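Single-letter residue listing:
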Amino acid sequence: MTLLAIENLCVELDGPDGTLRLLDDVNLFLSKGRCLGLVGESGCGKSMTALAIMGLLPRGMRASGRILLEGEDLLSIGEDRLCGLRGRKMAMVFQEPMTALNPVVPIGRQVAEGLRLHLGLTRHEAELRAGKMLARVGLPVERFPLGLFPHQLSGGQRQRVVIAMALTCGPDLLVADEPTTALDVTVQAQILDLIAELVEEFDMGLVLITHDLGVVAESTDTMSVMYAGKVVEDGPTDEVFQRMAHPYTRGLFAAMPSHSSDLDATRKRLTTIPGRVPDASSRPSGCPFVARCSFATDQCSDAPPPLERLAHRHSASCFNLSRVEGL
Amino acid sequence: MTGADSKPLLQVEDLVRDYRLPRKSLFGRPESVRAVNGVSFSVDRGKSFGIVGESGCGKSTLARTVMGLETPVSGRVLLDGQDLFALPALALRRLRQKFQMVFQDPYGSLDPRFKVERVIAEPLEVLLPGLNRRERRERVGETLDSVGLKPVDADRYPHEFSGGQRQRIAIARALITEPELIVADEPVSALDVSVQAQVLNLIMELQERRGLTFLFISHDLSVVRHITDEVAVMYAGEIVETGPTHKVFADPQHSYTRSLIDAVPHPDPRRSRRLRRASQPAGGIG
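Residues numbered from 1 in each chain as written. Chains lettered and ligands numbered in written order. Predicted model: local features only at pLDDT ≥ 70, side-chain atom pairs only at ≥ 80, totals over all residues. Heavy atoms only, no water.

## Points about the overall build of chain B
Here is step 1 of the chain: Looking only at helices and strands, chain B features 10 helices and 10 strands.
Here is step 2 of the chain: Taking 286 residues into account, the globule formula puts the C-alpha radius of gyration at 19 Å, and chain B, at 21 Å, falls close to it.
Here is step 3 of the chain: On the principal axes, the C-alpha backbone points of chain B span a range of 65 × 50 × 50 Å.
Here is step 4 of the chain: Counting all 286 residues of chain B, 52% fall into the buried class.
Here is step 5 of the chain: In chain B, the proportion of contacts linking residues at least 24 apart, taken out of those at least 6 apart, comes to 65%.
Here is step 6 of the chain: With an accessible surface of roughly 13600 Å², chain B has 48% of that area assigned to carbon and sulfur atoms.
Here is step 7 of the chain: Between the mean site of the 40 positive side-chain charges and the mean site of the 37 negative ones, chain B shows a separation of 4 Å. (Helix = DSSP H or I, 4+ residues; strand = E, 2+ residues; numbered from the N terminus. Rg over C-alpha atoms; globule rule 2.2 N^0.38 Å. Buried < 20%, exposed > 50% of the residue type's maximum accessible area, 1.4 Å probe, protein only. Contact = heavy atoms within 4.5 Å. Areas by Shrake-Rupley, 256 points an atom, 1.4 Å probe, with all protein chains shown as cover. Lys, Arg positive; Asp, Glu negative; His and termini not counted. Charge placed at Lys NZ, Arg CZ, Asp CG, Glu CD.)

Okay, here's the thing in C-alpha cells:
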C-alpha cells in the first residue's frame with residue numbers, strides 16, 4: 001500500500017536575480033514497512049525534499065505538485081491540519097541531535113511533549129509512556145531517569161532520545177535526515193539497527209537521507225539518487241547498485257575508497273567527479289550533470305534528459321545510458 | 001626495528017597526557033582523566049601512519065601532543081631524533097618548520113578576514129621573516145599551484161571557496177614551510193565523497209612527489225585503509241592493535257578492531273540488508 005507519494009514536486013524561491021528552482025519535478029513513492037533512501041552530495045536537494053514533506057520549508061519558498069500521505073495532499077491542507085499531522089502521522093529525525101533537543105528541558109518532558117499535545121494525555125500519563133518509549137530505544141528509566149538533560153548524554157544516546165521523540169505518537173512515516181552522520185561508526189550501526197527494528201515493529205515507512213552509499217546499501221529497499229534538485233536515478237536498491245545506470249551514480253560509487261584489504265588497493269588513485277554541484281542560480285539548461293560528466297555529448301547541453309524506464313521499477317535520466325552501461 | 005641508517009622520522013615513546021577535570025567541591029582535589037595512556041609508535045620517513053578510533057579515544061589529543069601543542073605528563077616525542085619537549089622554546093619554534101598540521105574543519109581553520117595569501121603565508125612570517133613581499137607572493141603562488149589552485153586565488157577570501165577548495169588552502173598553508181611531516185586530523189571528514197576523493201588523491205600525490213610523511217588521524221576506516229601504510233587502533237587512550245594496514249584490516253587480532261571493521265557499512269546490498277536482519281536480535285557491539 002502506498003504510504004507516501006510525491007508527484008511532480010517543485011520548490012521555488014524568488015531571489016534578486018529571478019526565480020530559482022531548488023527542486024525540479026521530484027517523484028518518489030514509499031510503501032508501508034519499507035525504506036526509501038535518498039542519496040547525493042550536499043546541495044542536491046535531499047534535505048529540501050525532507051522539509052517539503054514535513055511542511056517545514058523556510059519562508060519564501062513555494063512548493064508545487066502533490067505530496068500525498070495516505071492520499072491526503074500535504075501541500076493543499078492548511079497549517080492547522082499540518083500541525084495535527086506532524087508528530088502524529090509523520091515525524092522527523094534530524095542530523096545533529098544536540099540542536100534537535102532543547103538543552104534546558106529534561107529528556108522525559110521533551111519526549112512526552114508530543115503525547116500531551118496530540119493525544120491529550122496528562123503530564124503523568126505522558127511521562128509514563130515517554131519512559132516506556134525511551135526504554136524501547138535503549139534508555140531504560142533505571143539508568144536514564146526522565147529528569148536527565150541532553151548534555152548529560154553521549155551523541156548516540158541523544159540520537160536515541162530524538163528517535164523516541166519522533167516515535168512516541170506512533171507515526172506512519174518517519175523521515176530521517178542523515179541520522180547517523182555525526183556519530184561514530186559502531187554507534188551508527190547500533191542506531192541504524194534500532195531504526196530498522198522500529199520501522200518493522202511499528203510498520204512505518206522510512207525516508208532515509210544519507211550521503212553514505214554503504215548505509216543505503218545496508219538499510220534501504222528502494223533508493224533515489226538526487227542531483228541538483230532532480231532525481232536522476234531511482235529503483236530497488238539492489239538493482240540500482242547492480243546496474244548503476246546514471247554516470248552520477250557511478251561517479252559517487254567510484255569515488256569511495258575501496259573496501260578491499262589488498263595491498264595493491266593501497267594508495268591507488270580514486271576516481272573523482274570533477275567540479276561540484278551547480279548552484280540553483282547557475283544550473284545548465286540541459287542535463288544538470290553535463291559539466292562534470294565524461295559521457296556528455298552536445299545533446300546533453302540542449303535539453304534535460306527524461307527519466308527513462310530501464311526495468312519494472314528502475315529508471316534513470318541520461319541520454320547515454322547504453323554507452324554508460326556498455327563499460 | 002630502528003637500524004642505524006634508517007632512523008624513523010617520528011618516534012613517540014610512552015606518551016601520557018592527562019586532563020584535569022573540574023573539582024567536585026571547592027576544597028576537593030581535582031580529578032583527572034587520562035586521555036592518552038602510554039602510547040608508543042614510530043613512523044618512517046616517506047610513510048603514512050594512520051590512527052583510527054572513535055570519538056573520545058584520545059586520537060586528537062595524541063595529534064596535538066605530537067604537534068607540541070599540548071605538553072605530555074610523561075613520555076617523549078622525537079622528530080628527527082630531537083625531543084620536542086626538551087628543546088628550548090626558540091629551537092622548537094624553528095623546528096616547527098619541519099612539521100605542520102591540517103585540521104578537520106575547513107570552515108573553522110581559515111581566518112575569514114584574511115585573504116588566502118595571508119592565510120597561507122602566515123607560517124613564513126615566523127619561520128622566514130627575511131622574505132620580501134615579491135618572494136613571499138611567488139612562494140604562495142607556487143604552493144597554490146601544487147595543491148591544484150590558481151596563483152590568482154591568493155587575492156580571494158576563504159568564503160569564496162567550496163569546502164574541498166578550502167581544505168586545499170589548509171594543505172597549502174601546511175606545505176609552504178616545506179615540512180617533512182604533516183599531521184592531518186580528520187582532513188576529509190567534513191567533505192562529500194566526490195570531493196573527499198579529490199583531496200585524498202592530492203594527499204597521495206603530494207606524498208609521492210615530495211616524499212612527505214603523514215600522520216593521518218581519522219574515524220573513517222575505509223579512508224585510512226586506502227591511504228596508509230601502517231595503522232594503530234586506539235581505544236580509551238591506548239593503542240590496542242598496530243601493524244601494516246592491509247594486515248590489520250584483513251586479519252584483525254583485537255576484538256575491538258574487529259567490531260570497528262564490522263560496523264562499517266558495505267556498499268553492496270547483497271552482502272547485508274539491515275531490514276531483513278531486523279527481525280533477529282540486533283548484534284550488540286562492545
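After that view of the structure, there is still more to cover.
## Considerations on the interface of chain B and chain A
Here is step 1 of the chain: Facing the 50 residues of chain B at the interface are 53 residues of chain A.
Here is step 2 of the chain: Taking both partners together, chain B and chain A bury about 4600 Å²; carbon and sulfur atoms supply 53% of that area.
Here is step 3 of the chain: Close ionic contact of R269(A) with E208(B) constitutes a salt bridge, the shortest N to O distance being 3.1 Å.
Here is step 4 of the chain: Connecting chain B to chain A are 9 residue pairs in polar contact (both at pLDDT 80 or more).
Here is step 5 of the chain: Every element with two or more residues in the side of chain B that touches chain A is listed here: α6 (193-210), α7 (221-227), α8 (245-250), α9 (255-263) and α10 (274-277) of chain B.
Here is step 6 of the chain: Among the elements that make up the side of chain B that touches chain A, the one with the highest residue count is α6(B) (12 residues).
Here is step 7 of the chain: Of the residues belonging to the side of chain B that touches chain A, the class tally is 20 nonpolar, 19 polar and 11 charged. (Buried area = accessible area lost by both parts, 1.4 Å probe. Salt bridge = Lys/Arg side-chain N within 4 Å of Asp/Glu carboxyl O. Polar contact = N/O pair within 3.5 Å; in protein donor to acceptor, adjacent residues only side chain to side chain. Nonpolar A, V, L, I, M, F, W, Y, C, P; charged D, E, K, R; others polar.)

## Details of α9(B)
In an α-helix, one turn spans 3.6 residues, which is why side chains three or four residues apart end up on the same side.
Here is step 1 of the chain: What α9(B) keeps buried is the set Y256(B), T257(B), S259(B), L260(B), I261(B) and A263(B).
Here is step 2 of the chain: Looking at the buried side of α9(B), the elements it contacts are α7 (185-201) of chain A together with α7, β9 (230-235), β10 (238-244) and α8 of chain B.

## Let's talk about helix α6 (residues 155-167) of chain A
Residues and elements named next belong to chain A.
Here is step 1 of the chain: Under the 1.5 Å per step criterion, the end-to-end length of α6 is 19 Å for 13 residues, consistent within 8% with the ideal 18 Å.
Here is step 2 of the chain: Listed in full, the buried residues belonging to α6 are G156, R158, Q159, R160, V161, V162, I163, A164, A166 and L167.
Here is step 3 of the chain: Buried-residue contacts for α6 involve β6 (90-93), α3 (97-100), α4 (107-119), α5 (123-136), β7 (173-177) and α7. (Expected span 1.5 Å × (residues − 1).)

## A closer look at the side chain of E241(B)
Residues and elements named next belong to chain B.
Here is step 1 of the chain: Positionally, E241 belongs in strand β10.
Here is step 2 of the chain: Buried charge E241 goes without a salt bridge, the closest partner of opposite sign being R258 at 6.7 Å.
Here is step 3 of the chain: A distance of 2.9 Å separates the side chain of E241 from the backbone nitrogen of Q253, its partner in a polar contact.
Here is step 4 of the chain: At 2.7 Å, the side chain of E241 forms a polar contact with the side chain of T257.
Here is step 5 of the chain: Setting aside its immediate chain neighbours within four residues, E241 contacts V231, A232, V233, V248, D251, P252, Q253, H254 and T257.

## What to know about the sheet that holds strand β4 (residues 61-69) of chain A
Residue and element names in this part refer to chain A.
Here is step 1 of the chain: The sheet built from 4 strands is open, its strands ordered β2-β1-β4-β5 with antiparallel pairing. Of all strands in the sheet, those with a lone pairing partner are β2 (18-31) and β5 (72-73), marking the two edges.
Here is step 2 of the chain: Strand direction decides the pairing type here: strand β1 (residues 2-15) and β2, joined by 10 bridges, are antiparallel. Each residue of the ladder has a partner; that of D14, found in β2, is T19.
Here is step 3 of the chain: Seen against the sheet, helix α1 (residues 46-54) touches β1, β2 and β4 and runs at an angle of roughly 110° to β1. (Pairing = 2+ DSSP bridges. Axes fitted to C-alpha atoms, helices over the stretch in contact; angles between N-to-C directions.)

## Focus on the sheet that holds strand β12 (residues 315-316) of chain A
Strand pairing in a sheet relies on backbone hydrogen bonds. The paired strands run either parallel or antiparallel.
Residues and elements named next belong to chain A.
Here is step 1 of the chain: Strand order in the open sheet formed by 8 strands is β6-β7-β8-β3-β9-β10-β12-β11, and the pairing between neighbours is mixed. Of all the strands in the sheet, just β6 and β11 (308-309) have a single pairing partner and so form its edges.
Here is step 2 of the chain: Of the pairings in the sheet, the one linking β6 to β7 comprises 4 bridges and is parallel in character. Looking across to β7, one finds that A91 is bridged to L174.
Here is step 3 of the chain: Strands β6 and β7 of the sheet are contacted by α6, whose axis makes an angle of about 170° with β6.
Here is step 4 of the chain: Against the sheet, helix α10 (residues 247-254) contacts β9 (222-227) and β10 (230-236), and its axis sits at roughly 95° relative to β9.

## Focus: the environment of H259(A)
Here is step 1 of the chain: Structurally, H259(A) is set in the loop between α10 and α11 (298-302).
Here is step 2 of the chain: Taking relative accessible area as the criterion, H259(A) reaches 19% and is therefore assigned buried.
Here is step 3 of the chain: A sequence separation of 250 residues divides H259(A) from L9(A), and the C-alpha atoms of the two residues are 36 Å apart.
Here is step 4 of the chain: Those residues in contact with H259(A) that sit more than four places away from it in its chain are S222(B), R225(B), V264(B), P265(B), H266(B) and P267(B).

## Focus on the packing of aromatic side chains
Residue and element names in this part refer to chain A.
Here is step 1 of the chain: One pass over the full model with this rule turns up 6 aromatic pairs over all chains.
Here is step 2 of the chain: Judged by centre distance (6.1 Å) and plane angle (80°), the rings of F241 and F253 are edge-to-face. Within this pair, whereas F241 is found in helix α9 (residues 237-243), its partner F253 is found in helix α10, the two being separated by 12 residues in sequence.
Here is step 3 of the chain: Given the relative accessible area of 28%, F253 is considered partly exposed.
Here is step 4 of the chain: Measuring from centroid to centroid gives 5.2 Å for Y248 and F289, while their planes differ by 65°, and the two rings are edge-to-face. Here Y248, found in helix α10, pairs with F289, found in the loop between α10 and α11; they are 41 residues apart in sequence, far enough to count as distant.
Here is step 5 of the chain: Residue F289 is classed as buried on the basis of its relative accessible area of 3%. (Phe/Tyr/Trp six-rings, centres within 6.5 Å; stacked < 30°, edge-to-face > 60°.)

## A look at the nonpolar core
Here is step 1 of the chain: In terms of nonpolar packing, the biggest core is built from 116 residues, with L173(A), V207(A), Y248(A) and I171(B) touching the most fellow members.
Here is step 2 of the chain: Ranked by size, the runner-up nonpolar core spans 39 residues in total, among them L121(A), F144(A), A166(A) and A176(A). (Core = buried A, V, L, I, M, F, W, Y, C linked by side-chain atoms within 4.5 Å.)

## A short note on the packing of helix α3 (residues 116-127) of chain B against helix α4 (residues 133-146) of chain B
Residues and elements named next belong to chain B.
Here is step 1 of the chain: Taken N-terminus to C-terminus, the directions of α3 and α4 make an angle of 110°; their axes are 10 Å apart at the nearest point. For the element pair α3 / α4, the angle class is roughly perpendicular. Crossing of α3 against α4: the hand is right-handed. Across the interface between the two elements, V116, E117, I120, A121, L124 and E125 of α3 pack against R136, R137, R139, V140 and L144 of α4.
Here is step 2 of the chain: Tallied by class, the residues present in the contact of α3 with α4 amount to 6 nonpolar, no polar and 5 charged. (Parallel < 35°, antiparallel > 145°, perpendicular 65-115°, else oblique. Left-handed = near helix turned anticlockwise from the far one by under 90°.)

Purely geometric stuff here, so don't read any function into it on its own.
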